Amino acid sequence: MENGGLVAENIENDNNNHDDGSSSSAAGGGSSYTYWVRRDLKKEDAAPLPAPRKLTPQDVSTLSKSNSLGSVWNQAGTWEEKNLNSWASGRIKELMSSLGSLEFSSGKAEIAEVTKCVGDAFLVTVRNKKRVGYTYELTLRFKGDWLIGEEKKHFGGHLDVPEFSFGEVDDMEVEIRLNQEKDIAHEVKMQVRQDLKLFLKPIREKMLEFEQELKDR
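Every chain is numbered on its own, with residues counted from 1 as its sequence reads. Restriction of local features to residues with pLDDT of at least 70 applies here, the model being predicted, together with a cutoff of 80 or more for giving and counting side-chain atom pairs; totals for whole chains, interfaces and linings are based on all residues. Note: side-chain values were computed over all heavy atoms of the structure, leaving out hydrogens and water.

**Student:** Could you give me a rundown of the nonpolar core, with the residues and numbers involved?
**Tutor:** Counting 39 residues, the largest nonpolar core has Met-96, Tyr-134, Leu-159, Leu-196 and Met-207 as the members making the most contacts within it. Here a helix means four or more residues in a row that DSSP labels H or I, a strand means two or more in a row labelled E, and each is numbered from the N terminus. No other element matches strand 7 (residues 129–148), which puts seven residues into this core. Other than its neighbours up to four places away in sequence, Tyr-134 contacts Asp-120, Ala-121, Phe-122, Phe-164, Ser-165, Phe-166, Val-169, Met-207, Phe-210, Glu-211 and Leu-214. Throughout this description, the term nonpolar core refers to a set of buried Ala, Val, Leu, Ile, Met, Phe, Trp, Tyr and Cys residues connected via side-chain atoms within 4.5 Å. Each residue is assigned to one of three classes by its accessible area relative to the maximum for its type, calculated with a 1.4 Å probe on protein chains only: buried under 20%, partly exposed between the two thresholds, exposed over 50%. Contact definition: two residues touch when any of their heavy atoms are within 4.5 Å.

Below is the structure:
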């Protein structure tokens, strides 16, 4: 019997085979089973195997407009991590360089250069949900002038921002390093350091701006 190219064959097993090739069977002494085998079919009758096909620009455009947050190759939205270090470092430097200057009761200072911007930033897609994060540490060079008694005195140094991560902007701190430590009265150094710590507020605001841009990527 044939069924779509499959043929049923019946095999009988006779337990009473003789040495001379003849056989005899007693009632209930033999057994049989049926199995299906595929006979040769014309090639056009068989379903063709799927052939690999390179994505066309139109395919890529269609896939990129889907709701998946992953790459074109990851439309299921499974685990995917993107390194954003290059963009993040450049953007943080831009934001810190735009801090400008601050005026104090007895002086004025400005951020002259971002001398250190080290860290990592990433975007992770897990089950079609986006998560972002970063860890950075900064050093900003400052310069300024303060009126000490009747004399204007120039100060320079660095603002060090120890390592901080996504969501920790409110916990950021700044440490002051003055280039001029000798021959300066202790109370003067304390006043200059206290003034320079006012840069912490605009630094935090710039990092909040950065976090929003990171989440929008």
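**Student:** Describe helix 4 (residues 200–215), listing the residues and the values that go with them.
**Tutor:** Here a helix's expected span is defined as the number of its residues, less one, multiplied by 1.5 Å. With 16 residues, helix 4 ought to run about 22 Å at 1.5 Å a step, and its terminal C-alpha atoms sit 23 Å apart, in line with that. Every buried residue belonging to helix 4 is among Leu-200, Pro-202, Ile-203, Met-207, Phe-210, Glu-211 and Leu-214, and all of these are buried. Where helix 4 is buried, its residues contact helix 2 (85–97), strand 5 (101–103), strand 7 and strand 8 (151–165).

**Student:** Quick rundown of the packing of helix 2 against helix 4? Include the residues and the values.
**Tutor:** For helices, the fitted line uses only the C-alpha atoms of the stretch in contact; every axis is such a line through C-alpha atoms, and the angle between N-to-C directions lies from 0 to 180 degrees. Where helix 2 meets helix 4, the closest approach of the two axes is 10 Å, and the angle between their N-to-C directions is 145°. In this structure, the crossing between helix 2 and helix 4 has a hand that is right-handed. Across the interface between the two elements, Trp-87, Ala-88, Arg-91, Ile-92, Leu-95 and Met-96 from helix 2 touch Ile-203, Lys-206, Met-207, Glu-209, Phe-210, Glu-213 and Leu-214 from helix 4. Split by residue class, the contact of helix 2 with helix 4 holds nine nonpolar, no polar and four charged. For a crossing to be left-handed, the near helix must be turned anticlockwise from the far one by less than a right angle; the clockwise case is right-handed. The nonpolar class holds Ala, Val, Leu, Ile, Met, Phe, Trp, Tyr, Cys and Pro. Asp, Glu, Lys and Arg form the charged class, and all remaining residues, Gly among them, are polar.

**Student:** For the pairing of strand 7, give the residues involved together with the corresponding values.
**Tutor:** Bridging between strand 6 (residues 107–126) and strand 7 involves 18 bridges; their strand directions are antiparallel. Within strand 7, the residue paired with Glu-113 across the bridge is Arg-141. Here, a strand pair is defined by DSSP locating no fewer than two bridges between the strands. Taking the residues that link successive antiparallel strands as the turn, the strand 6-strand 7 hairpin has two residues, and the phi of Arg-127 there is positive, at about 55°. One ladder, built from 13 bridges, connects strand 7 with strand 8; its direction is antiparallel.

**Student:** Give a description of the packing of aromatic side chains that names residues and reports values.
**Tutor:** Centres within 6.5 Å are what make two rings of Phe, Tyr or Trp a pair, Trp counting through its six-membered ring; a difference in plane orientation under 30 degrees is then read as stacked, over 60 as edge-to-face, and the rest as tilted. Taken as a whole and judged by the stated rule, the model has seven aromatic pairs. Taken together, a centroid distance of 5.6 Å and an interplanar angle of 10° make the contact between Phe-104 and Trp-146 stacked. In this pair, Phe-104 is assigned in the loop between strand 5 and strand 6 and Trp-146 in strand 7, connecting sequence segments 42 residues apart. Residue Phe-104 shares its accessibility class with Trp-146, and that shared class is buried. When the ring of Tyr-134 is compared with that of Phe-210, the centres are 5.3 Å apart and the planes differ by 80°; the resulting orientation is edge-to-face. Here the residue Tyr-134 occupies a position in strand 7, and Phe-210 occupies one in helix 4, the gap between them amounting to 76 residues. Note on Tyr-134: relative accessible area 2%, which makes it buried. Accessibility expressed as a relative area gives 0% for Phe-210, which makes it buried.

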